[in-house]
Amino acid sequence: MADRIPALETQIRLLEARLRRLKGDLAEARKTAEASAQVYETLGPLSSSEKDLKLAIDGGFPDAWRTETLAALAQPVSPEAKQKKHWPLSQEEYRRYGRQMIMREVGLEGQLKLKRSRVLIVGLGGLGCPASAYLAGAGVGTLGLVDGDVVEDSNLHRQILHGTERVGMPKVLSAAEGIKSINPWVSCRTYESHLSAENVMETFLDYDLVIDCSDNPATRYLVSDACVVLGKPLVTASALRTEGQLMVLNYPPRPPGDTTGGPCYRCVFPRPPPADSIVTCGDGGVLGPVVGLMGVLQALEAIKVLTKTDPISKEAADGWAPTEPPSLTIFSAYSAPQFRSIRLRSRRAKCATCSVQATVTAESFTSGSLDYIQFCGAIHSVNLLSTWERMPARDYAAVRNRSADKETKGHVLIDVRERVQFDICHLDGSFNLPFSCLNSWPAPGTPGSESNEDSETQKLHHQLQQLIVRDPDEPVYVICRLGNDSQIAVKKFKELGFDNGGIKWIGDITGGLRAWKKDVDDGFPEY
Amino acid sequence: MAETKPETVDVMDITVEFTGGLEMLFSNKRKHNISLPSKDASGAPANINFLVEYLCKHVMKDPRKDLFVLDDTVRPGILVLINEADWELEGEGEYAVQKGDNIIFVSTLHGG
Ligand SMILES: [Zn+2]
């Protein structure tokens, strides 16, 4: 019996949330009904002569006649004036949405569906900003915004809802302000925290569709799992550097085990990528219009799904119109063609979430049996070197200050960031050996690998070798952006025998150029 | 590709593309024209598994093989697309490569 307790608790919480939503709908319906009943009352206060007349006819006059007579006597009243109240949208809304409503893809019916829709946006960054801005513009009734971060300077080149004056503000509040200014008819609900297994069920329950604009694999699996369990279609996208990817998943959103439902994220990627293969926008970079484009496409796909859906019967499988076969859209800014569409598989027969054998259920979120961070693997901080192989930025500054004429006199400084980063800023006298070139340096004794190198890399390796052998006593300092790649580089140099069997000191600057800025020179650029 | 076997081996010309950052492991080149031996060492027709092995041995210069292959197959997070369709629709690694095929390796992106 005891093992049923968490399951029952979850069910109760979900039902309670559903009840809350139904009560809200009921209140809304009552308000609308009252508003139309008040048509007669809002014709204006009765004048004294009308009051007399009302008195005179009070008693003996049939009720139905009385209201009608009063309405006819109240001036000025025309039949059109009465009807005005019955239009489903306000005058302003007709004007605001006219340009999209006159298209057969939307129409009045589609507009009303959008107005009744609730869409949840997970992540208000480079994807979430344009996605929510366009959905707000299109007149989606309710937008839920989830993000636990605050706006930073480095967000502004792509996260178009956040302005310079809102740096430091929680992203959801900044986005809500932007959305309100685009369209005050949209109701925004903000969730100022990161999505977690504990809060995902309650957060998602009220919404008709979810847009995944997050930036890490753990959240992507979490969002997809919750969408399958709760029967919500999911529009997911991602972007890095000059490329983007987009999928509409769990659409149609049939229950787990129903093979006619759309595939989920786990169907496409049953196993998460190794944590050390993940590149973030902070490390790899991203072009604003690339991620912006993907966010705009997410809004587009959401509008297509929402205007197709029958809002009343959405919980019945038949309510969903048949759709295109599932596909992955790939965008690559510097390729021709830029767009490609790839046919995806259907639901995986053994999917952990959407198959008959599903092990992910509503209960598993709250019971703690799902650890998404662990599933995707934590990114370990690099800690390869011993203390005596590392030098704090402050101590290295003292080494440089010893010589007045040349800062790198008596030692070698190697910067292992990629060339474009080196070109943005570097310490005077440093030699650039990009980490990618270092990686393609063959291990000692690898047969024939020399021919695999391109000439550029060979040249760099040659220069470096000369630099290192120029004086056997000169220590070699390695620096990078944050102090991770520099440790790997030091290890590699030692494998290659550059330390001359331990005679030559080779080590890195702890914390890299970030530490240099923090502890030595606050004027050094941070990007 | 420049790699040609000294002995005369039947080859077929195919195109292989890398995207989603994988191109960085392949000399920063997205599109490669490959002359793939039409049979593997045992004489069986070249399939995708053989192609992956071939790419590792002859095309990939970056020593970080585990960013492409893990446990003898493409690592999790890489989609293999055969002529614009998920390889799972075509029999995955067992799919016998045909002359003129277009094979794309896509690494998933996670930024947002
Ligand atoms: Zn699935």
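Residues numbered from 1 in each chain as written. Chains lettered and ligands numbered in written order. Predicted model: local features only at pLDDT ≥ 70, side-chain atom pairs only at ≥ 80, totals over all residues. Heavy atoms only, no water.

Student: Which parts of the structure should I look at to understand the overall build of chain A?
Tutor: Each helix and strand in chain A was counted, giving 21 helices and 13 strands. Here chain A holds 527 residues, and 46% of them are scored as buried. Restricting to contacts in chain A with at least 6 residues of sequence separation, those with at least 24 account for 67%. A total of about 27000 Å² of accessible surface is found on chain A, and carbon and sulfur atoms cover 55% of it. (Helix = DSSP H or I, 4+ residues; strand = E, 2+ residues; numbered from the N terminus. Buried < 20%, exposed > 50% of the residue type's maximum accessible area, 1.4 Å probe, protein only. Contact = heavy atoms within 4.5 Å. Areas by Shrake-Rupley, 256 points an atom, 1.4 Å probe, with all protein chains shown as cover.)

Student: Explain the coordination of the zinc ion to me, please; I cannot follow it from the model alone.
Tutor: Ideal geometry at a metal centre gives angles of 109.5 degrees when four donors are arranged tetrahedrally and 90 or 180 degrees when six donors are arranged octahedrally. Of the protein atoms, only Cys264(A) (SG), Cys267(A) (SG), Cys351(A) (SG) and Cys354(A) (SG) coordinate the zinc ion, at distances of 2.2 to 2.3 Å. Of note is the zinc ion, whose 4 donor atoms meet at the metal with angles of 90 to 122 degrees in an arrangement that counts as tetrahedral. (Donors = N, O, S within 2.8 Å, 3.2 Å for Na, K, Ca; no water. Tetrahedral: all angles 85-135°; square planar, octahedral: opposite > 155°, others 65-115°.)

Student: I'm lost on the packing of aromatic side chains in this one. Help?
Tutor: Aromatic rings in a pair are described by how distant their centres are and how their planes are angled relative to each other. In this structure the tally under the stated criterion is 16 aromatic pairs over all chains. Seen in terms of ring centroids, Phe26(B) and Phe68(B) are 5.2 Å apart; in terms of plane orientation they differ by 80 degrees. Their pairing is edge-to-face. Residue Phe26(B) is located in the loop between β1 (11–19) and β2 (31–37), and its partner Phe68(B) is located in the loop between α1 (48–59) and β3 (69–70); the two are separated by 42 residues in the primary sequence. Neither residue differs from the other here; Phe26(B) and Phe68(B) are each classed as buried. Here a set of aromatic residues connected by ring pairs shows up, and it is made of Tyr221(A), Tyr265(A), Phe269(A) and Phe375(A). Seen from the ring of Phe375(A), Arg266(A) lies directly overhead, with NZ or CZ sitting 4.8 Å from the centre. (Phe/Tyr/Trp six-rings, centres within 6.5 Å; stacked < 30°, edge-to-face > 60°. Lys NZ or Arg CZ within 6 Å of the ring centre and 35° of its normal.)

Student: Explain the pairing of strand β5 (residues 78–82) of chain B here, please?
Tutor: It is a general feature of regular strands that their side chains alternate between the two faces of the sheet. Residues and elements named next belong to chain B. Counting buried residues along β5, 5 of its 5 residues qualify, which places the element largely inside the surrounding structure. Relative to strand β7 (residues 102–107), β5 runs antiparallel, the two being bridged by 5 bridges. Bridge pairing in β7 links leucine 81 to isoleucine 104. Linking β5 back to strand β6 (residues 85–86) in an antiparallel pair, the connection comprises 2 residues, with asparagine 83 at a positive phi of about 45 degrees. (Pairing = 2+ DSSP bridges.)

Student: Please clarify how the interface of chain A and chain B should be interpreted in this entry.
Tutor: Contacts between chain A and chain B engage 42 residues on the former and 33 residues on the latter. A per-residue breakdown of the area chain A buries against chain B is headed by Glu243(A), Arg340(A) and Arg343(A), which together make up 17% of the total. The shortest N-O distance in the salt bridge between Arg30(B) and Glu243(A) comes to 2.4 Å. Put simply, chain A and chain B have 16 residue pairs in polar contact (both at pLDDT 80 or more) between them. Elements with a contribution of two residues or more to the side of chain A that touches chain B: α10 (217–230), β5 (234–240), β6 (243–249), α11 (265–268), β7 (327–332) and β8 (339–343) of chain A. Considering each element in turn, the side of chain A that touches chain B owes the most residues, 4 residues, to β8(A). Split into classes, the residues belonging to the side of chain A that touches chain B amount to 18 nonpolar, 15 polar and 9 charged. (Buried area = accessible area lost by both parts, 1.4 Å probe. Salt bridge = Lys/Arg side-chain N within 4 Å of Asp/Glu carboxyl O. Polar contact = N/O pair within 3.5 Å; in protein donor to acceptor, adjacent residues only side chain to side chain. Nonpolar A, V, L, I, M, F, W, Y, C, P; charged D, E, K, R; others polar.)

Student: I'm lost on the pairing of strand β2 (residues 142–146) of chain A in this one. Help?
Tutor: Residue and element names in this part refer to chain A. Within β2, 5 of the 5 residues are buried, which leaves it mostly tucked inside the rest of the structure. Of the pairings in the sheet, the one linking strand β1 (residues 118–122) to β2 comprises 5 bridges and is parallel in character. From the neighbouring strand, valine 122 faces β2, where its bridge partner is valine 146. A crossover connection joins β1 to the parallel β2 through helix α7 (residues 128–138); in handedness this β-α-β unit is right-handed. In the sheet, β2 pairs with strand β3 (residues 187–191) via 5 bridges, with the strands oriented parallel. Across the sheet, residue leucine 143 finds its bridge partner in β3, namely cysteine 188. (Right-handed = clockwise from strand over helix to strand, strands pointing away.)

Student: Help me out: how do you make sense of the UniProt feature "binding site: ATP" (unreviewed entry) in chain A in this one?
Tutor: In the UniProt entry, the feature "binding site: ATP" (unreviewed entry) is given for Gly126(A), Asp147(A), Ser154(A), Asn155(A), Leu156(A), His157(A), Arg158(A), Lys171(A), Asp215(A) and Asn216(A). With respect to the secondary-structure elements, Gly126(A) resides in the loop between β1 and α7. With sequence-adjacent residues up to four places away left out, Gly126(A) is seen in contact with Arg158(A), Gln159(A), Val291(A), Gly292(A) and Gly112(B). In this structure, Ser154(A) sits in the loop between β2 and α8 (171–182). Taking the relative accessible area as the measure of exposure, Ser154(A) reaches 47% and is therefore partly exposed. (UniProt positions renumbered as here; feature names shortened; annotations may be inferred.)

Student: Please clarify how the domain arrangement of chain A should be interpreted in this entry.
Tutor: Many authors give the size of an interface as the accessible area that is lost as the parts come together. Segmentation of chain A into domains returns domain 1 (117–376) and domain 2 (387–519). Taking only C-alpha atoms, the centre of domain 1 of chain A and the centre of domain 2 of chain A are 41 Å apart. (Domains from an automatic or database assignment.)

Student: What exactly am I supposed to notice about a negative patch on the surface here?
Tutor: Negative charge collects at one region of the surface, where Asp149(A), Glu152(A), Asp153(A) and Asp215(A) lie side by side. Overall, the relative accessible area of 34% leaves Asp149(A) in the partly exposed class. (Patch = residues over 30% accessible without salt bridge, like charges linked within 9 Å, V, L, I, M, F, W, Y side chains within 5 Å. Lys, Arg positive; Asp, Glu negative; His and termini not counted. Charge placed at Lys NZ, Arg CZ, Asp CG, Glu CD.)

Student: Explain the UniProt feature "modified residue: 1-thioglycine" (unreviewed entry) in chain B to me, please; I cannot follow it from the model alone.
Tutor: All names here are of chain B. Under the local residue numbering, the UniProt record ascribes the feature "modified residue: 1-thioglycine" (unreviewed entry) to Gly112. In this fold, glycine 112 is placed in the segment after β7. Classification of glycine 112 as buried rests on a relative accessible area of 9%.

Student: Sorry if this is basic, but what is going on with the sheet that holds strand β12 (residues 476–479) of chain A here?
Tutor: Each strand in a sheet pairs with its neighbour through backbone hydrogen bonds, running either in the same direction (parallel) or in the opposite one (antiparallel). Residue and element names in this part refer to chain A. On the basis of which strands lie adjacent, the open sheet formed by 5 strands has the order β9-β13-β12-β10-β11 and parallel pairing. With one partner strand each, in any of the chains shown, β9 (390–392) and β11 (431–432) form the two edges of the open sheet. Sheet strands touched by helix α16 (residues 393–401): β9, β10 (412–415), β12 and β13 (506–510). Its angle to β9, the strand with the most contacts, is close to 85 degrees. (Axes fitted to C-alpha atoms, helices over the stretch in contact; angles between N-to-C directions.)

Student: Which parts of the structure should I look at to understand the UniProt feature "active site" (unreviewed entry) in chain A?
Tutor: Residues and elements named next belong to chain A. Taking the numbering used here, the UniProt-annotated feature "active site" (unreviewed entry) corresponds to Cys281 and Cys480. Among the secondary structure elements, cysteine 281 is positioned in helix α12 (residues 281–284). Within the secondary structure, cysteine 480 is located in the loop between β12 and α20 (485–495). Judged by its relative accessible area of 4%, cysteine 480 is buried. Not counting chain neighbours up to four residues away, the residues in contact with cysteine 480 comprise Asp415, Val416, Arg417, Asp485, Ser486, Gly512 and Leu513.

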